[in-house]
Amino acid sequence: EPRDPGRVGIYACGPTVYSRIHIGNARPFVIFSLLGRFLRHEGYEVTFVANVTDVNDKIYDAARADPDSDDPVSRAGRSSAELAGEMTAHYIADTDALGLGRPDREPLASETMTAIVSYIERLIEVGHAYESGGDVFFRVRSDPNYGSLSHRQIENLDQGEGVEGSDRKQDPLDFALWKARKPDEDAWWSSPWGDGRPGWHIECSAMAEQALGVGFDIHGGGSDLLFPHHENEAAQTRCARGQELARIWMHNGMIQLTGEKMAKSVGNIALLHEAIDEWGPGAVVMYLIGGHYRQPLAFGRSELNEADLRIRRIRNALTRVVEDEPTPPEMAHHREAFFDALADDFNTPRALAALFEWVREANRRSEPAGGRDLREMLTVLGLGEMTPLQGADAEAIDAEAAELRDRREAARAARDFDLADRLREQILELGWEVRDRAAEPAELIPRLR
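The structure displayed is predicted, hence computed values, not measured ones.

Student: Talk me through the overall build of the protein; I want residue IDs and the actual numbers.
Tutor: Within the protein one finds 15 helices and 15 strands. Considering only contacts in the protein between residues 6 or more positions apart, those separated by 24 or more positions represent 74%. A total accessible area of about 19900 Å² is found for the protein, and carbon and sulfur atoms account for 47% of it.

Below, the structure is given as structure tokens:
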């Protein structure tokens with residue numbers, strides 16, 4: 001049940017803008033954009049917020065001059081604000097190319113400083129934070145519920161801050177809310193504790209609360225953010241406001257390449273704009289929703305090629321339906337199964353299975369099927385602008401069907417009739433019939449093209 005009847009607030013942690021985003025960064029953007037679409041379809045008024053972290057250590061580090069770089073800009077260095085602004089523009093352009101629209105609000109950390117400072121002041125006031133040498137730290141042990149989100153024992157925790165500020169902490173578990181200005185940092189803000197800038201975790205607590213209030217419905221982000229980022233967000237708000245920041249925490253699994261999560265720090269990344277250029281936005285979206293959002297997702301050319309094939313199968317089916325006409329009643333259960341799957345923990349793989357059952361049944365019909373249900377399902381998945389195959393794209397489907405036809409001919413020659421029957425079914429799913437001939441290869445007959 002939403003906090004406010006009929007309304008749902010969603011906050012998803014966005015990127016830290018120190019370089020172009022990779023396809024792994026796009027997964028939460030896609031998942032939570034589509035979750036918002038589904039909830040709107042179900043009649044809710046949705047506010048979807050996705051922040052941009054434009055104040056962070058990684059941005060300072062990336063902006064500094066690198067004398068060993070082959071890139072003239074990196075060799076000379078630039079201001080952290082300039083780098084953050086450039087990469088924010090790239091992020092917006094790259095995600096715009098997915099065709100899913102923009103979040104309703106996209107707050108910047110750099111524009112939320114007043115709220116951030118006020119948040120920290122409140123935590124100090126109620127005894128959950130303290131100033132030390134110009135830094136401000138959160139007292140982790142002051143929150144009896146700390147660790148409840150990530151289900152970790154407090155004795156085994158590491159905030160990931162290394163030795164920075166350790167000599168100023170009352171407890172090694174404490175984490176930074178405000179960091180005093182360092183000589184090599186070119187951007188800072190004024191505060192009651194001196195010039196500096198906020199820690200990462202307090203930025204999101206402030207941005208989320210400013211956009212949606214406390215106790216909003218869904219807080220999303222990658223599973224790598226569960227600890228410490230989301231655990232610390234939850235603790236800050238719990239201690240400052242006396243209630244939980246969000247009612248539901250949703251974490252999407254990581255994209256995995258070479259057996260480990262895709263990350264800029266690891267160097268095993270595939271940039272989003274390059275993937276879109278090669279496979280198209282539809283295939284990238286199809287790939288990202290091909291697995292359940294909570295599970296890791298393998299990445300490679302074969303996975304993107306399979307997603308592209310799925311897109312072409314749908315576009316091929318669109319050549320065989322009558323747009324804006326009702327779906328035949330005997331096919332309506334596929335639409336029902338599709339939306340039931342999305343209502344059950346946003347199960348996109350099961351929803352896609354229902355959609356492709358619809359496509360298979362439409363391809364088998366001797367008369368064109370009404371395509372209204374198909375277009376409705378595609379729209380909820382952000383694929384509603386998909387067009388029927390034409391020209392060279394249609395020829396690509398022909399080539400695939402011809403390859404399956406040739407494999408079926410070989411299976412028949414080897415008297416492997418079970419395999420031949422399975423290949424006939426695959427050809428049928430592509431929208432083609434097979435007409436066997438005595439002295440020549442079987443003929444492919446397009447169904448209702």
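This is not the end of the story, as more comes after the structure.
Student: Describe the sheet that holds strand β1 (residues 7–12), naming the residues involved and giving the relevant values.
Tutor: The four strands lie next to each other as β2-β1-β7-β8, forming an open sheet whose pairing is parallel. Two strands close off the open sheet at either side, each with one partner strand: β2 (45–50) and β8 (246–252). Pairs of neighbouring strands in the sheet enclose a mean axial angle of 20 degrees, with direction left out of account. Where β1 meets β2, six bridges bridge the pair, whose relative direction is parallel. Opposite I10, over in β2, you have F48 as the bridge partner. Across the face of the sheet, helix α6 (residues 200–212) comes into contact with β1, β2 and β7 (216–222) while running at roughly 160 degrees to β1.

Student: Residue-level account of the pattern of salt bridges, with values.
Tutor: The tally for this structure, following the rule as stated, stands at 33 salt bridges. Here D57 and R197 are joined by a salt bridge, their closest N and O atoms 2.1 Å apart. Of this pair, D57 sits in helix α2 (residues 57–63) while R197 sits in strand β6 (residues 196–198), placing them 140 residues apart in sequence. Overall, the relative accessible area of 26% leaves D57 in the partly exposed class. On the basis of relative accessible area, R197 is assigned to the buried category, the value being 2%. The salt bridge involving D217 is made with R247; its shortest N-O contact spans 3.8 Å.

Student: Explain the sheet that holds β6 to me, and be specific about the residues and the numbers.
Tutor: Taken in spatial order, the four strands line up as β3-β4-β5-β6 in an open sheet, and their pairing is antiparallel. Each of the sheet's edge strands pairs with one partner strand only, and the pair in question is β3 (129–132) and β6. On average, adjacent strands in this sheet sit at an angle of 20 degrees to one another, irrespective of strand direction. By the bridge criterion, three bridges tie strand β4 (residues 135–138) to strand β5 (residues 175–180) in an arrangement that is antiparallel.

Student: How would you explain the nonpolar core if you had to name every residue and give the values?
Tutor: In terms of nonpolar packing, the biggest core is built from 76 residues, with I23 and L355 touching the most fellow members. Residues Y60, L173, L177 and C204 belong to the second largest nonpolar core, which totals 43 residues.

Student: Lay out the environment of V322 with the relevant residues and their values.
Tutor: Residue placement: V322 occurs in strand β12 (residues 321–322). Separated by 50 residues in sequence, V322 and R372 have C-alpha atoms that sit 8.1 Å apart. V322 has contacts with P368, A369, G370 and G371, leaving out every residue within four places of it along the chain.

Student: Give me the packing of helix α10 (residues 301–318) against helix α12 (residues 348–364): which residues, what numbers.
Tutor: At their nearest, the axes of α10 and α12 sit 10 Å apart, and the two run at 40 degrees to each other. Our classification of the angle between α10 and α12 gives oblique. α12 is crossed by α10, and the crossing has left-handed handedness. Facing α10, whose interface residues are R310, R313, I314 and A317, α12 presents L352, L355, F356, V359 and N363. Taken together, the residues of the contact of α10 with α12 break down into six nonpolar, one polar and two charged.

Student: Go over the packing of aromatic side chains with me, naming the residues and quoting the values.
Tutor: Summed over all chains, the structure comprises eight aromatic pairs. A ring pair is formed by Y11 and F216, whose centres lie 6.4 Å apart and whose planes are at 55 degrees; its orientation type is tilted. Note that Y11 is positioned in strand β1 and F216 in strand β7, a separation of 205 residues in sequence. We note that Y11, like F216, is buried. Summarising the aromatic geometry, the rings of Y287 and F299 are spaced 5.8 Å apart at their centres and angled 75 degrees between planes, so their arrangement reads as edge-to-face. On the criterion of sequence distance, the pair formed by Y287 in helix α9 (residues 281–288) and F299 in the loop between β11 (297–298) and α10 is long-range, its members being 12 residues apart. Considered together, Y287 and F299 belong to a single accessibility category, that of buried residues. Sitting above the plane of the Y91 ring, R102 keeps its charged end 5.7 Å from the centroid. Taking the ring centre of W188 as reference, the NZ or CZ of R181 above it sits at 3.3 Å.

Student: Let's hear about the environment of E403: which residues, and what values?
Tutor: Among the secondary structure elements, E403 is positioned in helix α14 (residues 391–413). Residues E403 and I427, 24 residues apart in the sequence, show an inter-C-alpha distance of 9.5 Å.

Student: Describe the state of the cysteines, naming the residues involved and giving the relevant values.
Tutor: Per the stated rule, a full pass over the model turns up zero disulfides. Cysteine C204 shares no disulfide, and the gap to the nearest cysteine sulfur, in C13, comes to 3.8 Å.

Student: How would you explain the environment of P198 if you had to name every residue and give the values?
Tutor: Along the chain, the position of P198 falls in strand β6. Given the relative accessible area of 1%, P198 is considered buried. Taking the C-alpha atoms as reference points, P198 and L297, separated by 99 residues in sequence, lie 33 Å from one another. Apart from residues lying up to four places away in sequence, P198 is in contact with V55, M113, I116, L177, W178 and E203.

Student: Go over α12, please, and point to the residues and values.
Tutor: Between the first and last C-alpha of α12 there are 24 Å, a value that for 17 residues agrees with the 24 Å anticipated at 1.5 Å per step. Listed as buried for α12 are T348, A351, L352, A354, L355, F356, W358, V359, A362 and N363.

How each quantity is defined
Residues numbered from 1 in each chain as written. Predicted model: local features only at pLDDT ≥ 70, side-chain atom pairs only at ≥ 80, totals over all residues. Heavy atoms only, no water. Helix = DSSP H or I, 4+ residues; strand = E, 2+ residues; numbered from the N terminus. Contact = heavy atoms within 4.5 Å. Areas by Shrake-Rupley, 256 points an atom, 1.4 Å probe, with all protein chains shown as cover. Pairing = 2+ DSSP bridges. Axes fitted to C-alpha atoms, helices over the stretch in contact; angles between N-to-C directions. Salt bridge = Lys/Arg side-chain N within 4 Å of Asp/Glu carboxyl O. Buried < 20%, exposed > 50% of the residue type's maximum accessible area, 1.4 Å probe, protein only. Core = buried A, V, L, I, M, F, W, Y, C linked by side-chain atoms within 4.5 Å. Parallel < 35°, antiparallel > 145°, perpendicular 65-115°, else oblique. Left-handed = near helix turned anticlockwise from the far one by under 90°. Nonpolar A, V, L, I, M, F, W, Y, C, P; charged D, E, K, R; others polar. Phe/Tyr/Trp six-rings, centres within 6.5 Å; stacked < 30°, edge-to-face > 60°. Lys NZ or Arg CZ within 6 Å of the ring centre and 35° of its normal. Disulfide = S-S within 2.5 Å. Expected span 1.5 Å × (residues − 1).

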